[in-house]
Amino acid sequence: YAVLGNNVIGDWKPESCDIAYSDDIAGASEATAHLISKGHRSIAYIGNLQLPWFRRCALGYEQAMATAGLTPRTIDIRSDGSQLGYLATKTIFAKFRDLTAILAGSDQVAAGVYDALREMNIDIPGRISVVGFNDTQGSVLYPPLTSVREFPEELGRHMAEFALQRLQNPDLPTQELTIPTQLVLRSSVAAPPASAVD
């Protein structure tokens, strides 16, 4: 979220705006580290890297993979929502047969991952573990989805404060606030199958 001055949406400069955003980088890094702690080594990230929140998640994922000495497998699909997840999953399995885990850039994307895996008769989490991001659908998917929870109400409250302050004093220095995320553990993550770690 950003309060824009004289900038046109789509052509804005972060340094000239008041900004509040979720710590997507740390959230994605934590989610990836969780998969690694379970024994996963072949982990893919899927998102639309034209969009900044997907890019931030990709950065956190890649940092965690690098820290563990693992090769990142980022799949960039110019789509959105469940369609992105579905198409990316089909693409992933055409390229990486040894994959054991997927980090999806949103829960909506993860729903498409679920659809594609079911269509291919691939078990979650027995064969593939899945983690989402934003925790908007985690509890309604089956199996329930491990996801990185964001706090949009907090973001909205702080952005409203920024906007009021900007109206009262347009010359204030720009402000930036990062809201932490929370990894919510559910049953879509398990250790990789023994054949994948032999």
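What counts and how
- Residues numbered from 1 in each chain as written.
- Predicted model: local features only at pLDDT ≥ 70, side-chain atom pairs only at ≥ 80, totals over all residues.
- Heavy atoms only, no water.
- Axes fitted to C-alpha atoms, helices over the stretch in contact; angles between N-to-C directions.
- Helix = DSSP H or I, 4+ residues; strand = E, 2+ residues; numbered from the N terminus.
- Parallel < 35°, antiparallel > 145°, perpendicular 65-115°, else oblique.
- Left-handed = near helix turned anticlockwise from the far one by under 90°.
- Contact = heavy atoms within 4.5 Å.
- Nonpolar A, V, L, I, M, F, W, Y, C, P; charged D, E, K, R; others polar.
- Phe/Tyr/Trp six-rings, centres within 6.5 Å; stacked < 30°, edge-to-face > 60°.
- Buried < 20%, exposed > 50% of the residue type's maximum accessible area, 1.4 Å probe, protein only.
- Core = buried A, V, L, I, M, F, W, Y, C linked by side-chain atoms within 4.5 Å.

Engineer: I'm lost on the packing of helix α3 (residues 81–95) against helix α4 (residues 107–119) in this one. Help?
Structural biologist: Contact pair α3 / α4: the axes reach a minimum separation of 6 Å and the direction vectors enclose 45°. Classified by the angle between their axes, α3 and α4 sit oblique to one another. In this structure, α3 crosses over α4, and the sense of that crossing is right-handed. Facing Gly81, Ser82, Leu84, Gly85, Tyr86, Thr89, Lys90 and Phe93 of α3, the residues of α4 in contact are Gln108, Val109, Ala111, Gly112, Val113, Asp115, Ala116, Leu117 and Glu119. Across the contact of α3 with α4, the residue classes break down as eight nonpolar, six polar and three charged.

Engineer: Is there a simple way to explain unusual backbone geometry in this structure?
Structural biologist: Phi is mostly negative for residues that are not glycine, and the peptide bonds are mostly trans. Cis geometry is found at the peptide bond from Ile124 to Pro125, where omega equals 0°. For Pro125, the location among the structural elements is in the loop between α4 and β6 (129–134). The amide bond that connects Tyr142 to the next residue, Pro143, takes the cis arrangement and shows omega of -5°. For Pro143, the position within the fold is in the loop between β6 and β7 (146–149). For Asn134, which is not a glycine, the phi torsion comes out positive at approximately 105°. Here Asn134 is to be found in strand β6.

Engineer: Even after reading the chapter, I still don't get the packing of aromatic side chains, so can you show me in this structure?
Structural biologist: The geometry of two aromatic rings is summed up by the distance between their centres and the angle between their planes. Tallied over the full model, the rule gives two aromatic pairs. Taken together, a centroid distance of 6.4 Å and an interplanar angle of 40° make the contact between Trp53 and Phe54 tilted. According to the relative accessible area criterion, Trp53 is partly exposed, its value standing at 44%. Residue Phe54 is classed as buried on the basis of its relative accessible area, which comes to 1%.

Engineer: Could you clarify how one ought to interpret the nonpolar core in this entry?
Structural biologist: Grouped burial of nonpolar side chains is what soluble globular proteins tend to show. Ranked by internal contacts, the top residues of the largest apolar core, which has 43 residues, are Ile46, Ile92, Phe93, Ile102, Leu117 and Val130. Elements represented by at least two residues in this core include exactly α1 (24–37), β3 (43–47), α2 (52–67), α3, β5 (101–104), α4 and β6. The element that contributes the greatest number of residues to this core is α4, accounting for six residues. If we ignore the near neighbours within four places in the chain, the residues touching Leu117 are Thr89, Phe93, Ile122, Ile124, Ile128 and Val130.

Engineer: Would you mind showing me how to read the packing of α1 against α2 here?
Structural biologist: Relative placement of two packed helices is described by the angle separating their axes and the distance separating the axes. Taken N-terminus to C-terminus, the directions of α1 and α2 make an angle of 40°; their axes are 7 Å apart at the nearest point. Relative to α2, α1 is oriented oblique. Relative to α2, the crossing made by α1 is right-handed. Contacts from Asp24, Ile25, Ala28, Ser29, Thr32, Ala33 and Ile36 in α1 reach Trp53, Arg56, Cys57, Leu59, Gly60, Tyr61, Gln63, Ala64 and Met65 in α2. Among the residues forming the contact of α1 with α2, the class breakdown is ten nonpolar, four polar and two charged.

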